[in-house]
Every structure is written in C-alpha cells, then in structure tokens.
Amino acid sequence: MKYLTLLLTIALLACNTKVKPQENTEETVYFLIRHAEKDITDPSDRDPALTEEGTTRAKQWAEILSKHNVDYVYSTDFIRTRETARPTAENENIEIQLYDPGDIYSAEFLEKTKGKTTLIVGHSNSTPSLVNKIIGQNKYNELDESVYNKMYKIVISGDKIEDFELNY
C-alpha cells in the first residue's frame, strides 16, 4: 500500500509540474570595426599600411575580442584592413575571409555566421552602412576620417536584434 501511495504521489507531482518549452538561445554576434590608423604620409597611396599606432590598436582589438571566441574574421582586401584583422585571426587560429563591402550581406553570409561570433573589419563608410543593413535601420552615419576607436556589436537572438556602439 505504501508503494502504491508513493507511485500515485509521484504521478500527481509529475502531472502538476509545468515543463517549459526549450527556447532556442542560439545567438549570432557581429563585431564590426573600421581598420586601425593608416599611414597617410603619401596621399597618392590608395592602399597604405597601418602606422605604429594602428598596429598597436589592432593588437588591442584582438585582446578585447579574445574574450568572445571569434569564429570568423572578415576583412576587405586592403593592407590596412587585413593588418587590423590579423592579430584577432592569429589569436583564434583562423583564416581571414576577404569580402567585398557591397556583397557581404547575403543569405549565404547570414547562414554561415548564424549562431557564431564574427569580426568584420571595414572602412569609415562601409562599416556603419553594414551595421545599418544588419539591424534594419538607418541609425549610424559614416565615421569621420579621424575616428578609429569605434566598435559596433550586434547580437541577434531569434527575432530580437540588439546593437551597441562602443568606444575604446
């Protein structure tokens, strides 16, 4: 009889226990930055390298991002953007993926990066523009040529999109 009472009690408790549906907590995270400080001593050079200050900043970005387990690193095909992306890619032991700013935001890109953390290194005009495309708003303007310290973070979880403009 005690055994039957115990079974009935367990059965009643099981029936009264609410089971929460499991939520899809998969987050997609994008970090977008403009390349670090570039060498402007030769105005005719359309593809300059980073300055010493820019190299230091690229290493600082890598240090900041090392806490986020970056899965992909994207860079435009310019020396200054590749040099900015390189320390993060090396820290994470991943290859830099080159992209065209006009073509990156595609269904293929979104599927590939879904549930992943991705760094995208661009330019003063293309970085805010891409942020706006991802968040579906015209919120951010082109960066001034003297601004190198901004990072945009976008977190997508289900239908919820959060964006942050960070200064370092």
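Our subject in this report is the structure included herewith. Since we're looking at a predicted model, the values are computed, not measured.

The rules behind the values
- Residues numbered from 1 in each chain as written.
- Predicted model: local features only at pLDDT ≥ 70, side-chain atom pairs only at ≥ 80, totals over all residues.
- Heavy atoms only, no water.
- Helix = DSSP H or I, 4+ residues; strand = E, 2+ residues; numbered from the N terminus.
- Contact = heavy atoms within 4.5 Å.
- Core = buried A, V, L, I, M, F, W, Y, C linked by side-chain atoms within 4.5 Å.
- Buried < 20%, exposed > 50% of the residue type's maximum accessible area, 1.4 Å probe, protein only.

1. Looking at the environment of Ile 154
- Tracing the backbone through its elements, the reader meets Ile 154 in strand β5 (residues 150-157).
- Separated by 37 residues in the primary sequence, Ile 154 and Thr 117 have C-alpha atoms spaced 9.8 Å apart.
- Excluding residues that lie within four positions of it along the chain, Ile 154 makes contacts with Thr 28, Val 29, Tyr 30, Leu 32, Val 131, Ile 134, Ile 135, Ile 161, Glu 162 and Asp 163.

2. Thoughts on the nonpolar core
- Counting 17 residues, the largest nonpolar core has Tyr 30, Leu 32, Ile 104, Ile 120, Val 131 and Ile 154 as the members making the most contacts within it.
- Those elements that place two or more of their residues in this core are β1 (27-34), α5 (126-135) and β5.
- Examining the composition of this core, we find that four residues originate from one element, α5, more than from any other.
- Sequence-distant contacts of Tyr 30, that is, excluding residues within four places in its chain, are made with Phe 109, Leu 110, Thr 113, Thr 118, Ile 120, Ile 134, Tyr 152, Lys 153, Ile 154 and Ile 156.
- Of all hydrophobic cores here, the second largest spans 13 residues; its members include Phe 31, Leu 65, Val 73 and Ala 89.

Geometric values such as these leave the question of function open.
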